[in-house]
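Now for the letters of each chain:
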Amino acid sequence: QVQLVESGGGLVQPGGSLRLSCAASGSIFSRYVMGWYRQGPGKQREFVADVTSGGTTTYADSVKGRFTISRDNAKNTVNLQMNSLKPEDTAVYYCHAHLVVRNYWGQGTQVTVSS
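None of these values were measured; they are calculated from a predicted model.

Parameters at a glance
Residues numbered from 1 in each chain as written. Predicted model: local features only at pLDDT ≥ 70, side-chain atom pairs only at ≥ 80, totals over all residues. Heavy atoms only, no water. Pairing = 2+ DSSP bridges. Helix = DSSP H or I, 4+ residues; strand = E, 2+ residues; numbered from the N terminus. Axes fitted to C-alpha atoms, helices over the stretch in contact; angles between N-to-C directions. Salt bridge = Lys/Arg side-chain N within 4 Å of Asp/Glu carboxyl O. Buried < 20%, exposed > 50% of the residue type's maximum accessible area, 1.4 Å probe, protein only.

Colleague: So what exactly am I meant to see when it comes to the sheet that holds strand S3 (residues 18–26) here?
Modeller: Through backbone hydrogen bonds, the strands of a sheet pair up, either in parallel or in antiparallel fashion. A sheet is described by the order of its strands in space; here four strands give the open sequence S1-S3-S8-S7, paired in antiparallel fashion. Only two strands of the sheet have a single neighbouring strand rather than two, namely strand S1 (2–7) and strand S7 (67–72). Across the sheet, the axes of successive neighbouring strands diverge by a mean angle of 15°, strand direction being ignored. The sheet contact formed by S3 and strand S8 (residues 77–82) spans six bridges and is antiparallel. Looking at the pairing, cysteine 22 lines up with valine 78 of S8.

Structure representation (C-alpha cells):
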C-alpha cells in the first residue's frame, strides 16, 4: 500500500523553472518504479519521465534535456526538476508508482506556464 502526494506546482513564465516533489508513504518504496505523467486541457494523460529502483531514467521526447527526474529512497520522495518551461507544458502532473501488478497514483498538482 502506497500513498502519493504531489507538491510544487504553480504558475511560471515561459523559460522559467519549477521543481515538483512527490512524497510516498508505505512499504518497500525503494523497489518501485517511480514516474511522472501529465494531462493537459483536452488531452490524454501522457508519460513524462520515470526512474527505476536502480536509478535508470527514461524521458518523453518532449521533455528530454529540459526535465530531470530523481529519487531519494531514504526520504521516500521522487522529484521532477523542470527547466526551460513552455506553454505546452501546462498540465496537471501526477506522481506514479509501479511494482509488478501494483500501481498507485497521486491526486495531481497543477503546472501553468504563461506570460
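Anyway, onward from the coordinates.
Colleague: Which parts of the structure should I look at to understand the pattern of salt bridges?
Modeller: Side-chain pairs of opposite charge can arise where the charged atoms are in close proximity. Summed over the entire model, instances satisfying the criterion amount to four salt bridges. With a shortest N-O distance of 2.9 Å, aspartate 89 and arginine 38 are connected by a salt bridge. Linking aspartate 89 in the loop between S8 and strand S9 (91–99) with arginine 38 in strand S4 (residues 33–39), this pair joins segments that are 51 residues apart in sequence. Take aspartate 89 and arginine 38: they sit in the same class, and that class is buried. Here aspartate 61 ties to lysine 64 by a salt bridge, and the two come within 3.2 Å at their closest N and O atoms. The class for aspartate 61 is exposed, based on a relative accessible area of 66%. Residue classification places lysine 64 among the exposed residues on the basis of a relative accessible area of 51%. Each of Arg38, Glu46, Arg66 and Asp89 takes part in one network of salt bridges that share partners.

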